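Commentary on secondary and tertiary structure
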Amino acid sequence: MEMKANVIFKWQEQSFKGWIEQEYQNSYLINVLEPFNEEISEKYSGRMVVSKKHCELLTSLDS
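One structure accompanies this document, and this report is about it.

**Remarks on the nonpolar core**
Soluble globular proteins tend to pack their nonpolar side chains together in the buried interior. By size, the foremost hydrophobic cluster in this structure holds 13 residues, and its most contacted members are Phe 9, Ile 30 and Met 48. Put simply, the parts of the chain that give this core at least two residues each are β1 (5-11), β2 (14-23), β3 (27-34) and β4 (47-51).

Quick look at the structure:
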């Protein structure tokens, strides 16, 4: 995936929105945008690797 895309995903029973920074075989590296979560910000520097099964693509940012 060369284009960046917005996604939503669930983590610890909460929904998050972010954009795909990098795609792997079965997961995405996601830069989490909202809502702000202190744990994600501190422990993961605002980025998480999430299974593709738990993500829903919203829009392309290259439009």
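**What about the packing of aromatic side chains?**
Tallying each qualifying case throughout the model produces three aromatic pairs. Ring centres of Trp 11 and Tyr 44 lie 6.1 Å apart, and the angle between their planes is 90°; on these two criteria the pair is classed as edge-to-face. Placement of the pair is Trp 11 in strand β1 and Tyr 44 in helix α1 (residues 38-44), with a sequence separation of 33 residues.

**Things to note about the pairing of β2**
As paired strands, β1 and β2 are joined by six bridges and run antiparallel to one another. What sits directly across from Asn 6, in β2, is Trp 19. Counted along the chain from β1 to the antiparallel partner β2, the turn is two residues long, and its residue Gln 12 has a positive phi close to 50°. Pairing of β2 with β3 involves six bridges; the strand directions are antiparallel. When the bridges of β3 are listed, Gln 22 appears paired with Leu 29. Counted between consecutive antiparallel strands, the loop separating β2 from β3 contains three residues.

Rules used in this analysis
Residues numbered from 1 in each chain as written. Predicted model: local features only at pLDDT ≥ 70, side-chain atom pairs only at ≥ 80, totals over all residues. Heavy atoms only, no water. Core = buried A, V, L, I, M, F, W, Y, C linked by side-chain atoms within 4.5 Å. Buried < 20%, exposed > 50% of the residue type's maximum accessible area, 1.4 Å probe, protein only. Helix = DSSP H or I, 4+ residues; strand = E, 2+ residues; numbered from the N terminus. Phe/Tyr/Trp six-rings, centres within 6.5 Å; stacked < 30°, edge-to-face > 60°. Pairing = 2+ DSSP bridges.

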